[in-house]
Amino acid sequence: MDNKKIITETEKYVFNTYIRFPLAIEKGDGMKVRDVEGNEFLDFTSGLAVNNSGHCHPKIVNAIKKQAEKLGHISNFFYNVPQLELAKCLIKNSFADKIFFCNSGAEANEAAIKLARIYSYKKWGEKKYFIATMKNSFHGRTIACLTATGQEKFQKGFPPLVPGFTYIPFNDTSVLKKENFKNFCAIMVEPIQGEGGVNCPDKEYLLTLSRFCKENNILLIFDEIQVGIGRTGSLFAYEHFGVEPDIMTLAKALGGGLPLGAMLAKEEVAKAFTPGTHASTF
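Caption draft 1: Spotlight on a nonpolar patch on the surface. Taken together, the side chains of Phe21, Leu23, Ile25 and Phe41 present a nonpolar region at the surface, about 400 Å² in accessible area. Mapping Phe21 onto the fold places it in the loop between α1 (3–13) and β1 (25–29).

Below is the structure:
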């Protein structure tokens, strides 16, 4: 089939939720992709911050082949070595003590939101459940993550949204006043905003945010779904700012093209999750 036929049939059968380029991509190699008609292009999209190692990197292809030949899905009722090896690698190279694996960035952020709320509920009671996120932020498309996203254009048509979220300006510490955050369990922030316009904060901003959270028993959540796994020059973006979060979310480049998300947390916070409080099929 040529590009035109594939486009026509896709629009007939698939939900119209994307404005796509008029290309049906068939092959990829490094930074190059080829459509079904043999035309070659340079891919500057990286699969929306996913393909950090390019298309069809031989090590990734080989890893997928080897695992597919041994074992596919077994569920989280059993232990397995690849999950353990990745967990150890991420924990060893980050602030965190524990990790939860899931399928996507939105799932990772949902897990972070739930962990922050249940930790606060167990420690401080039911009133301390509010979460502050940033204006121009982006945290995903599920209803809770959509609510956490500080951009009205994504929320239009979906109210009522999830209660308990409020939006504050990014890179502005003047809004941090103790009395206004009395019932907040967490502040959630992208160390560098992506969807909101690639907005970089002042170095002191995240340090001030971290101190404020510690002083007021508020968890600090870093959404590193777009900026993590080496996209800023260090493995994690928070390393540039000399500050550590209590919870961090990862996805996109973590899977190198396969669906994979993760939520990482410090031990004190992580133990608020117990069997039955959260899960993921895959």
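There is more to say, and it comes next.
Caption draft 2: Region of the structure containing the side chain of Lys128. Looking at the secondary structure, you find Lys128 in the loop between α5 (105–124) and β5 (130–134). Nearest to the buried, unbridged Lys128 among oppositely charged side chains is Asp246, at 11 Å. Not counting the four nearest positions on each side in its chain, Lys128 is found in contact with Ser120, Phe181, Lys182, Asn183, Phe184, Cys185, Asn216, Asn217 and Ile218.

Caption draft 3: Summary view of the packing of aromatic side chains. One pass over the full model with this rule turns up 8 aromatic pairs. One aromatic cluster in this structure is built from Tyr129, Phe130, Phe181, Phe184 and Phe212.

Caption draft 4: Local environment of the pairing of strand β2 (residues 32–35). Residue alternation in β2 divides its side chains into a buried set, Val33 and Asp35, and an unburied set, Lys32 and Arg34. Where β1 folds back onto β2 in an antiparallel hairpin, the turn is made up of 2 residues, including Gly30, whose phi is positive at roughly 65°. Where β2 meets strand β3 (residues 40–42), 3 bridges bridge the pair, whose relative direction is antiparallel. Among the inter-strand pairings, Val33 is bridged to a residue of β3, identified as Phe41. Here β2 folds back onto β3, and the loop between the two strands holds 4 residues, one of which, Gly38, carries a positive phi near 90°.

Caption draft 5: Fine view of the nonpolar core. Phe181, Ile187 and Leu209 are the most contacted members of the largest nonpolar core, which has 36 residues in total. Elements with a contribution of two residues or more to this core: α4 (81–92), β5, β7 (184–189), α8 (203–215), β8 (219–223), β9 (247–250) and β10 (261–265). The dominant element in this core, judged by the number of residues it contributes, is α8, at 5 residues. In this structure, Phe181 is in contact with Lys128, Ala132, Ile168, Val175, Leu176, Ile187, Phe212 and Ile218, ignoring residues within four places of it in sequence. Among the nonpolar cores identified, the runner-up in size contains 25 residues, and Ala112, Ile131, Ile221 and Ala270 belong to it.

Caption draft 6: Focus on the pattern of salt bridges. Enumeration over the complete set of coordinates arrives at 6 salt bridges. Its salt-bridge partner being Lys266, residue Glu244 comes within 4.0 Å of it at the nearest N-O pair. Highlighted residues: Glu244 in the loop between β8 and β9 and Lys266 in the loop between β10 and α9 (267–270), separated in sequence by 22 residues. One salt bridge in this structure joins Lys271 and Glu268, with 3.3 Å as the shortest N-O distance.

Caption draft 7: Looking closely at the sheet that holds strand β4 (residues 98–102). Sheet architecture is open: 7 strands sit in the order β4-β10-β9-β8-β7-β5-β6, paired in mixed fashion. One side of each edge strand has no neighbouring strand; the edge strands of this open sheet are β4 and β6 (165–168). Between one strand and the next, the sheet's axes are offset by a mean angle of 20°, whatever the strand orientation. Across 5 bridges, the pairing between β4 and β10 is antiparallel. Paired with Phe101 across the two strands is Ala262, which belongs to β10. On top of the sheet, α4 reaches β4, β9 and β10; it is set at about 130° to β4, its chief contact.

Calculation criteria
- Residues numbered from 1 in each chain as written.
- Predicted model: local features only at pLDDT ≥ 70, side-chain atom pairs only at ≥ 80, totals over all residues.
- Heavy atoms only, no water.
- Patch = residues over 30% accessible without salt bridge, like charges linked within 9 Å, V, L, I, M, F, W, Y side chains within 5 Å.
- Areas by Shrake-Rupley, 256 points an atom, 1.4 Å probe, with all protein chains shown as cover.
- Salt bridge = Lys/Arg side-chain N within 4 Å of Asp/Glu carboxyl O.
- Helix = DSSP H or I, 4+ residues; strand = E, 2+ residues; numbered from the N terminus.
- Buried < 20%, exposed > 50% of the residue type's maximum accessible area, 1.4 Å probe, protein only.
- Lys, Arg positive; Asp, Glu negative; His and termini not counted.
- Contact = heavy atoms within 4.5 Å.
- Phe/Tyr/Trp six-rings, centres within 6.5 Å; stacked < 30°, edge-to-face > 60°.
- Pairing = 2+ DSSP bridges.
- Core = buried A, V, L, I, M, F, W, Y, C linked by side-chain atoms within 4.5 Å.
- Axes fitted to C-alpha atoms, helices over the stretch in contact; angles between N-to-C directions.

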